[in-house]
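Chain by chain, the residues:
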Amino acid sequence: MTVRVRIAPSPTGNLHIGTARTALFNWLFARHHGGEFILRMEDTDRERSRPEFAENIISGLKWLGLDWDIGPIWQTQRLHRYQEVIAQLLAQGFAYRSYETEEELEAMRAAQEAQKLAPRYNNQHRHLTSEQEAAFQAQGRKPVIRFKIDDEREIVWHDLIRGEMRWRGADLGGDMVIARADGQPLYNFAVVVDDVDMQITHVIRGEDHLANTAKQILIYEALGAPMPAFAHTPLILNSEGRKLSKRDGVTSISEFRQMGYVAPALVNYMALLGWSPPEGKELLTLPEMVPLFSLERVNKAGSKFDWDKLNWINSHYLHQMSPAQLVAELVPFWQEAGYAVEPERDQPWLEQVAALIGPSLVTLKDGVALARFYMTEQVSYDDEATAQLQQPQSQEILRQFLATSDPQRVEEAQALVQTVMQTCGVKKVQVMKTLRAALMGTLQGPDLLQSWLILARRGFVQPRLQAALSLTQA
Ligand code: GLU
């Protein structure tokens, strides 16, 4: 039996980290078993589905490296198939037409609420006679299709993560609507038709779908279809232990990307949200995870989202990148910040910048602030730098540097500092502080000699020394 799994997002929002993590587990499961991974867009909700959300989901999965073997398959392309199955369920007596108006259903809910009962449909149209149906139709009522749920049933399945699961039919809210009056099929129904038609062997999805699984099992039975195995993954929780939601700020993959997290770090981090790799090795790439992944090592308990851990993992991947890789990742951030960088023209120079700031990066976004020293001809001078430039020897030190040509290599830079020390008769620390103040506009920051070489290559050393000179006092 070939393993076949799927991710079935609804394009009603951007790719959420919860969906991405579910996609990752499905992908790992498929790759581990040499199976197939399907992308299915559950886009039957016409009011809430949007092409830009579908685009965001597709590009997010691609960016993460979670490639699919089949799809995207769009549910809206399969509407005829759902109609066919509805006709079958009606003919076999598993489903029926239900004619209540919105007001009648609201009144039913209100009456239940008044009696402190959980809201449920009371199955009152389950046994309408053909005369009653004709009368409703004559009134112009359009029926929804309901699937019968036996209150007495106990639904039991062995969940591959949670073990034995039991649900009472009576807790499922009464006979469920599977298609709206306009024919639009609803999730619990369409998902089963699709999973059956696509021969899905394992349904791996979030724990928030447990009650849906109980309902869906009843539909599999009515269709006489083979049942897949089910595995419900733990939820991702916020710091208060509640399900991570939009209110917690960043939740979509595109937002993490904009913040400067890189794909290998995000997939690594997401895998740890619920899965414990064997031997406690936490830093793992996708190919490294494939042979190790199993549902047995997915926890039942919810996983708390932990920014410190994500940052640690992101730093790890950034620090492993070559300067060329870093440049490729940083250029969009630099361009967005308005820095005039052109990789075709500046590649070796950009790599020098990346090599210097790389070890300090936690996110790519940090690269914007760290690279700011090199990106414009002039810098602004902060108070400390200005005070340093106003020291008695500063003017002479700067004149000496202005009189020599810019260093090309670090040894030349060191030798120049020595010469200026001797010529001006000052300590090294004075020379270095003055040079730093002049070139960087501040007394803290990245390695000075390397920065000097980087600025020299760009032709920014002389203009900055001139600008600094004008701040000195004779
Ligand atoms: N469209 C559903 C969702 O996004 C799919 C759930 C499932 O995997 O069955 O939650």
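Look up a bit, the structure's there.
Bear in mind the structure is a predicted one, so any value in this text is a computation, not a measurement.

Participant: How do you make sense of the overall build of the protein chain when you look at a structure like this?
Facilitator: Of regular secondary structure, the protein chain possesses 20 helices and 12 strands. Relative to its length of 474 residues, the protein chain is extended, with a C-alpha radius of gyration of 32 Å against a globular reference of 23 Å. In terms of overall dimensions, the protein chain has C-alpha extents of about 110 × 45 × 40 Å along its principal axes. Looking at the protein chain as a whole, 50% of its 474 residues are labelled buried.

Participant: What am I meant to see in the packing of helix α18 (residues 428-440) against helix α20 (residues 461-469) here?
Facilitator: Each packed pair of helices is defined by two parameters, the angle between the axes and the distance between the axes. For the pair α18 and α20, interaxial distance at closest approach is 8 Å and the crossing angle is 105 degrees. Put simply, α18 runs roughly perpendicular to α20. Side by side, α18 and α20 meet where Leu435, Ala438 and Leu439 of the first sit next to Val461, Arg464, Leu465 and Ala468 of the second. Residues that form the contact of α18 with α20 fall into these classes: six nonpolar, no polar and one charged.

Participant: Please explain the nonpolar core as it appears in this structure.
Facilitator: In summary, soluble globular proteins display a tendency toward joint burial of nonpolar side chains. The biggest cluster of nonpolar side chains holds 112 residues, and the ones touching the most others in it are Leu64, Trp334, Tyr374 and Trp452. Setting aside its immediate chain neighbours within four residues, Leu64 contacts Leu15, Ala20, Ile253, Ala263, Leu266, Val267, Met270 and Leu286. In terms of nonpolar packing, the next biggest core, distinct from the first, is built from 33 residues, Trp157, Ile178, Val192 and Ala214 among them.

Participant: Help me understand the sheet that holds strand β4 (residues 95-98) in this model?
Facilitator: Backbone hydrogen bonds hold the strands of a sheet together, and the pairing may be parallel or antiparallel. If you walk across this open sheet you meet the three strands as β4-β5-β8, and the pairing is antiparallel. Either end of the sheet is taken by a strand with one partner, and the two such strands are β4 and β8 (176-179). When strand polarity is set aside, the average angle formed by the axes of neighbouring strands in this sheet is 45 degrees. Against the sheet, helix α3 (residues 79-91) touches β4, β5 (144-147) and β8, its axis set at about 95 degrees to β4.

Participant: Quick question: what am I supposed to make of the packing of aromatic side chains here?
Facilitator: The relation between two aromatic rings is expressed through the spacing of the ring centres and the mutual angle of the planes. Tallied over the full model, the rule gives 14 aromatic pairs. Considering the side-chain rings of Phe256 and Tyr261, the 6.1 Å spacing of their centres and the 70 degrees angle between planes classify their relative orientation as edge-to-face. The burial state of Phe256 is the same as that of Tyr261; both residues are buried. Among the aromatic residues, those joined into a ring-pair cluster are Phe256, Tyr261, Tyr269, Phe305 and Trp307. Seen from the ring of Tyr121, Arg146 lies directly overhead, with NZ or CZ sitting 3.4 Å from the centre. In this structure, Arg372 is placed above the aromatic ring of Phe373, and the distance from its NZ or CZ to the ring centre is 4.3 Å.

Participant: I would appreciate a short explanation of the site of the ligand in the present structure.
Facilitator: Close to the ligand lie Arg6, Ala8, Pro9, Ser10, Glu42, Tyr187, Val191, Arg205 and His209, which account for all nearby residues. Here an oxygen atom of the ligand and a side-chain polar atom of Arg6 are 2.7 Å apart. Take Glu42: an N or O atom from its side chain is 2.6 Å from a nitrogen atom of the ligand. Among the detected pockets, the ligand sits in the largest pocket. Looking at the shell around the ligand residue by residue, the classes come out as four nonpolar, two polar and three charged.

Participant: Just checking my understanding: could you explain the pattern of salt bridges for this structure?
Facilitator: Throughout the structure, instances matching the rule amount to 31 salt bridges. In this structure, Glu36 and Arg4 form a salt bridge, with 2.8 Å as the shortest nitrogen-oxygen distance. In this pair, Glu36 is assigned in strand β2 (residues 36-41) and Arg4 in strand β1 (residues 4-7), connecting sequence segments 32 residues apart. We classify Glu36 as partly exposed; its relative accessible area is 27%.

Participant: In this structure, what is going on with helix α11 (residues 307-320)? I would like to understand it.
Facilitator: An α-helix turns once every 3.6 residues. As a result, residues three or four positions apart point the same way. The end-to-end C-alpha separation of α11 is 20 Å, in line with the 20 Å expected for 14 residues at 1.5 Å each. Taken together, the buried positions of α11 are occupied by Leu310, Ile313, Asn314, Ser315, Tyr317 and Leu318.

Participant: What's the story with unusual backbone geometry in this structure? I'm lost.
Facilitator: Most peptide bonds take the trans configuration, and most residues that are not glycine carry a negative phi. The peptide bond linking Gly71 to Pro72 adopts the cis configuration, its omega dihedral lying at 0 degrees. With respect to the element layout, Pro72 can be found in strand β3 (residues 70-74). Here the phi dihedral of Gln199 falls at roughly 50 degrees; this positive angle occurs in a residue that is not glycine. With respect to the element layout, Gln199 can be found in the loop between α6 (187-197) and β9 (202-206).

Participant: What is the right way to look at the environment of Gln473 in this model?
Facilitator: Within the secondary structure, Gln473 is located in the segment after α20. Of the residues examined, Gln473 reaches a relative accessible area of 43% and is grouped as partly exposed. It is 93 Å that separates the C-alpha atoms of Gln473 and Glu152, two residues lying 321 residues apart in sequence.

Participant: When you look at the sheet that holds β3 in this model, what are you seeing that I'm missing?
Facilitator: Across the sheet, three strands lie side by side as β1-β2-β3; this open sheet has parallel pairing. For this open sheet the edge positions go to β1 and β3, each flanked by a neighbour on one side alone. Taken pair by pair, the neighbouring strands of this sheet meet at an average axis angle of 25 degrees, ignoring direction. Pairing of β2 with β3, which is carried by three bridges, proceeds in the parallel orientation. Residue pairing for β3: Arg40 is matched across the bridge by Ile73.

Participant: Can you walk me through the layout of surface pockets in this structure?
Facilitator: Size it by volume and the largest pocket reaches roughly 1,200 Å³. Lining of the largest pocket is provided by 46 residues; of these, Pro9, Ser10, His16, Thr19 and His209 occupy positions nearest its centre. Looking at the lining of the largest pocket, the elements that each hand over two or more residues are β1, α1 (17-32), α2 (51-64), α6 and β9. In terms of residue count, the dominant contributor to the lining of the largest pocket is α1 (four residues). A class-by-class count of the residues in the lining of the largest pocket yields 16 nonpolar, 19 polar and 11 charged. Looking at the second largest pocket, its volume works out to about 510 Å³. Taken together, 25 residues line the second largest pocket, and the ones lying closest to its centre are Glu102, Leu105, Arg109, Arg146 and Val177. Elements that contribute at least two residues to the lining of the second largest pocket include exactly α4 (102-114), β5, β8 and α6.

The rules behind each value
- Residues numbered from 1 in each chain as written.
- Predicted model: local features only at pLDDT ≥ 70, side-chain atom pairs only at ≥ 80, totals over all residues.
- Heavy atoms only, no water.
- Helix = DSSP H or I, 4+ residues; strand = E, 2+ residues; numbered from the N terminus.
- Rg over C-alpha atoms; globule rule 2.2 N^0.38 Å.
- Buried < 20%, exposed > 50% of the residue type's maximum accessible area, 1.4 Å probe, protein only.
- Axes fitted to C-alpha atoms, helices over the stretch in contact; angles between N-to-C directions.
- Parallel < 35°, antiparallel > 145°, perpendicular 65-115°, else oblique.
- Contact = heavy atoms within 4.5 Å.
- Nonpolar A, V, L, I, M, F, W, Y, C, P; charged D, E, K, R; others polar.
- Core = buried A, V, L, I, M, F, W, Y, C linked by side-chain atoms within 4.5 Å.
- Pairing = 2+ DSSP bridges.
- Phe/Tyr/Trp six-rings, centres within 6.5 Å; stacked < 30°, edge-to-face > 60°.
- Lys NZ or Arg CZ within 6 Å of the ring centre and 35° of its normal.
- Near = heavy atom within 4 Å.
- Polar contact = N/O pair within 3.5 Å; in protein donor to acceptor, adjacent residues only side chain to side chain.
- 1 Å grid on protein atoms, 1.4 Å probe; cavity = no way out; pocket = protein on both sides within 12 Å on 5 of 7 lines; lining within 4 Å.
- Sits in = over half its atoms within 2 Å of the grid points.
- Salt bridge = Lys/Arg side-chain N within 4 Å of Asp/Glu carboxyl O.
- Expected span 1.5 Å × (residues − 1).
- Points joined across faces, edges and corners; volume = space filled by probe spheres on them.

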